[in-house]
Amino acid sequence: MRGECTDEHVATLRRRYGEKRLREAAVRRAHLNYQRIPIGHSPGSGRVKFLLAQMHQTYYFGFSESACILSGTLLEQGLNYALGAELDRRGPLPFQRGAEKRWLQSRQDLLDLELVDMLELAHAERIIADGKVLLLAHEIRWIRNMVVHEKIPVFRELDQTHLEMKVTKSRRGRVRYARVLLARAEVADLLHGEAGRAALAAAELTAYFCVSRTRMVLRHLFDHADTEAKGSNESGGSLLLWAEP
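Now for a look at the structure at hand. Everything quoted here is computed from the prediction, not taken from an experiment.

### Comments concerning the overall build of the protein
Moving on, step 1. When helices and strands are tallied, the protein shows ten helices and five strands.
Moving on, step 2. Out of the 245 residues in the protein, the part that is buried amounts to 46%.
Moving on, step 3. For the protein, the exposed surface amounts to about 13300 Å²; the carbon and sulfur share of it is 51%.

### Considering the pairing of strand E2 (residues 100–104)
Moving on, step 1. Alignment of strand E1 (residues 93–97) against E2, held across five bridges, turns out to be antiparallel. Looking across to E2, one finds that Pro 94 is bridged to Trp 103.
Moving on, step 2. Between E1 and E2, which follow one another and run antiparallel, lie two residues, and Gly 98 among them has a positive phi close to 65 degrees.

### A few points about the environment of Arg 28
Moving on, step 1. Note on placement: Arg 28 falls in helix H2 (residues 19–32).
Moving on, step 2. Distance in space between the C-alpha atoms of Arg 28 and Tyr 208 is 8.4 Å, their sequence separation being 180 residues.
Moving on, step 3. The contact partners of Arg 28, leaving out residues within four places of it in the chain, are Tyr 59, Tyr 60, Phe 61, Gly 62 and Glu 204.

### Examining the sheet that holds strand E4 (residues 162–170)
Moving on, step 1. Here we have three strands laid out as an open sheet, ordered E3-E4-E5, and antiparallel in their pairing. Of all strands in the sheet, those with a lone pairing partner are strand E3 (156–157) and strand E5 (176–183), marking the two edges.
Moving on, step 2. As judged from the two bridges shared by E3 and E4, these two strands associate in the antiparallel manner. Paired with Arg 156 across the bridge in E4 is Glu 164.
Moving on, step 3. Across the sheet, helix H7 (residues 131–149) lies against E4 and E5, angled at about 75 degrees from E4, the strand it touches most.

### Description of the nonpolar core
Moving on, step 1. With 64 residues, the main nonpolar core has Leu 79 and Leu 221 as its most contacted residues.
Moving on, step 2. The leading source of residues in this core is helix H10 (residues 204–224), at ten residues.

### A closer look at H2
Moving on, step 1. With 14 residues, H2 should reach 20 Å at 1.5 Å per residue; the first-to-last C-alpha distance of 20 Å fits that figure.
Moving on, step 2. All of the buried residues along H2 are Ala 25, Arg 28, His 31 and Leu 32. Buried residues of H2, viewed axially, fall in a sector of 130 degrees; they line one side. Seen from the buried face of H2, the exposed residues on the opposite side, beyond 90 degrees, are Glu 19, Lys 20, Arg 23 and Ala 30.
Moving on, step 3. Once H2 finishes, Asn 33 follows within two positions and takes phi at roughly 45 degrees, a positive value.

Rules used in this analysis
- Residues numbered from 1 in each chain as written.
- Predicted model: local features only at pLDDT ≥ 70, side-chain atom pairs only at ≥ 80, totals over all residues.
- Heavy atoms only, no water.
- Helix = DSSP H or I, 4+ residues; strand = E, 2+ residues; numbered from the N terminus.
- Buried < 20%, exposed > 50% of the residue type's maximum accessible area, 1.4 Å probe, protein only.
- Areas by Shrake-Rupley, 256 points an atom, 1.4 Å probe, with all protein chains shown as cover.
- Pairing = 2+ DSSP bridges.
- Contact = heavy atoms within 4.5 Å.
- Axes fitted to C-alpha atoms, helices over the stretch in contact; angles between N-to-C directions.
- Core = buried A, V, L, I, M, F, W, Y, C linked by side-chain atoms within 4.5 Å.
- Expected span 1.5 Å × (residues − 1).
- Arc of directions from axis to C-beta.

Without other data, these values stay purely geometric and don't point to any function.
As structure tokens, then:
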């Protein structure tokens, strides 16, 4: 009975994820055109690798909202990993939130921080020294928060060279917004062909933005982090379906 039941589910999955779906996934994967990220083997690396592989697969198969949420989760884990390595190397790290001042003594203390706190700490400790990278990380955070609490934001036409997205920065007190820009040339392959205009409505470009920018932030983190096996390129792809060659 189990064999027959399994065969039925296999047939269903083949219909649902047929040749067309696989080709669409291949197009997204080819367009991302990424290089592997050196993550290493320090404590917490396995979690980062697994989330990285999950983010990729979710994006490839067109689950845009899930890809955005996973991007934010991966960013959080990547920061925790890099800050943990810094804590191991230097000892306790100073942390301030408003009038509160304290020392972070252990990796457990890092787990108590919110994503915005980890970003500010990473910037203060020069783990994220580049202001543009810090802005990218906040943009990913804003988009993730909108997907979780409101709806997935989408890019709209701005001019002949750029697309624009309006995101909520904060709802504390007066609501504040930010603009996120994406160059048309960067996503020309996704905007043409069968997917074409539907990419905008389906928020595929939002998912692409989150996935590609999260990779940029992670590369910056791990290029600066003092992690073991720093020269080893590990994407985590072998943990899931899309095993890297």
